[in-house]
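# Coordinate inspection notes
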Amino acid sequence: MIGVTVSELLSSALAELDHPADTAALPLWKEKLLRFANEAVVDLFETFRPWRRDPLPLQDGVLDLKLLPRPVGKVLGVERSGMRLPFYFDTDAYTVRVPGAADGPMTVVYRYLPTPLVEDGDEPELPAACQHLIVLYMTARFSLQNDTQGLNRASAAMSLYESGKRRLKLDCDEPTDYRIVNRW
């Protein structure tokens, strides 16, 4: 976690935009900049792809994903005692069937979705390398609404954001993403 709050992100973005970051100006831009910050967090989550491993009880061959502590973006695997088990989704997106497995504790490996930034004290759930990227994205999106100088600033900020995102992807890819599993 980066330890930077929403109010610090907003102040940094306003400073980049040459707007005063005093307490009177902040409420004018907060809603719009907060929306841009949440867009950046979702975009960076898609690049960074954080995952968790949480226990979940198997009942009647079914895992209820709604019982997991975080919203599920994608199930990567189901394990019992360190062994990966085959699984498939049931009729809805919140239940997973594990054929041939006895009821009991299982471990679900999954990519999770970000928690939206709402309050001034909220912190994005991203590594420290992403802090400046969030501010760049906010600056770029905000600058798109201005004159030609604003468009030039938006283009430069978005270019830096995309470059940082590509570098982040190279640094954060997991070797398991490229693993070939022989199932025969």
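A brief structural summary. None of the values given here were measured: they were computed from a predicted structure. (Residues numbered from 1 in each chain as written. Predicted model: local features only at pLDDT ≥ 70, side-chain atom pairs only at ≥ 80, totals over all residues. Heavy atoms only, no water.)

Inspection of the secondary structure assignment puts Arg70 in the loop between β2 (62-64) and β3 (72-80). Among the polar contacts listed, one links the side chain of Arg70 to the backbone oxygen of Leu113, at a separation of 2.7 Å. Those residues in contact with Arg70, other than ones at most four positions away along the chain, are Arg52, Tyr110, Tyr112, Leu113, Pro114, Thr115 and Glu125. (Helix = DSSP H or I, 4+ residues; strand = E, 2+ residues; numbered from the N terminus. Polar contact = N/O pair within 3.5 Å; in protein donor to acceptor, adjacent residues only side chain to side chain. Contact = heavy atoms within 4.5 Å.)

A separate point is the sheet that holds β2. Judged by pairing direction, the sheet is antiparallel, and its 3 strands sit side by side in the order β2-β6-β5 without closing on themselves. The open sheet is flanked by β2 and β5 (88-89), the only strands paired with a single partner. Alignment of β5 against strand β6 (residues 95-97), held across 2 bridges, turns out to be antiparallel. In the strand pairing of β6, Tyr88 is matched with Arg97. (Pairing = 2+ DSSP bridges.)

When the terminal C-alpha atoms of helix α3 (residues 131-143) are compared, their 19 Å separation across 13 residues agrees well with the 18 Å that a helix rising 1.5 Å per residue should span. Within α3, 10 of the 13 residues are buried, which leaves it mostly tucked inside the rest of the structure. All buried positions along α3 are accounted for by Leu133, Ile134, Val135, Leu136, Tyr137, Met138, Thr139, Ala140, Phe142 and Ser143. (Expected span 1.5 Å × (residues − 1). Buried < 20%, exposed > 50% of the residue type's maximum accessible area, 1.4 Å probe, protein only.)

So, on to the packing of aromatic side chains. Within the structure shown, the criterion is met by 4 aromatic pairs. Centre to centre, the rings of Phe87 and Phe89 are 6.4 Å apart; their planes meet at 80°, and the pair counts as edge-to-face. Of the residues examined, Phe87 reaches a relative accessible area of 26% and is grouped as partly exposed. (Phe/Tyr/Trp six-rings, centres within 6.5 Å; stacked < 30°, edge-to-face > 60°.)

What follows is about the packing of helix α1 (residues 6-16) against helix α2 (residues 26-48). The contact between α1 and α2 brings their axes to 10 Å, and the two run at 105°. Overall, the two elements α1 and α2 adopt an arrangement that is roughly perpendicular. Mapping the contact onto sequence places Val6, Leu10, Ala13 and Leu14 in α1 and Leu26, Trp29, Lys30, Leu33 and Leu34 in α2. Of the residues that constitute the contact of α1 with α2, the class distribution is 8 nonpolar, no polar and 1 charged. (Axes fitted to C-alpha atoms, helices over the stretch in contact; angles between N-to-C directions. Parallel < 35°, antiparallel > 145°, perpendicular 65-115°, else oblique. Nonpolar A, V, L, I, M, F, W, Y, C, P; charged D, E, K, R; others polar.)

Ranked by internal contacts, the top residues of the largest apolar core, which has 44 residues, are Leu33, Leu44, Leu63, Val108, Ile134 and Met138. Elements with a minimum of two residues in this core: α1, α2, β1 (51-58), β3, β7 (104-112), α3 and α4 (148-172). Sequence-distant contacts of Met138, defined by excluding residues within four places in its chain, comprise Leu9, Leu10, Ala13, Leu33, Phe36 and Ala37. (Core = buried A, V, L, I, M, F, W, Y, C linked by side-chain atoms within 4.5 Å.)

Sheet strands pair via backbone hydrogen bonds, and the direction of the pair is either parallel or antiparallel. Strand order in the open sheet formed by 4 strands is β1-β7-β3-β4, and the pairing between neighbours is antiparallel. Strands at the two margins of the open sheet, each flanked by one partner only, are β1 and β4 (83-85). Geometrically, the sheet is characterised by an average inter-axis angle of 40° between neighbouring strands, direction not taken into account. Pairing of β3 with β7 involves 6 bridges; the strand directions are antiparallel. Each residue of the ladder has a partner; that of Val78, found in β7, is Val108.

Bear in mind that shape data such as this cannot, by itself, settle questions of function.
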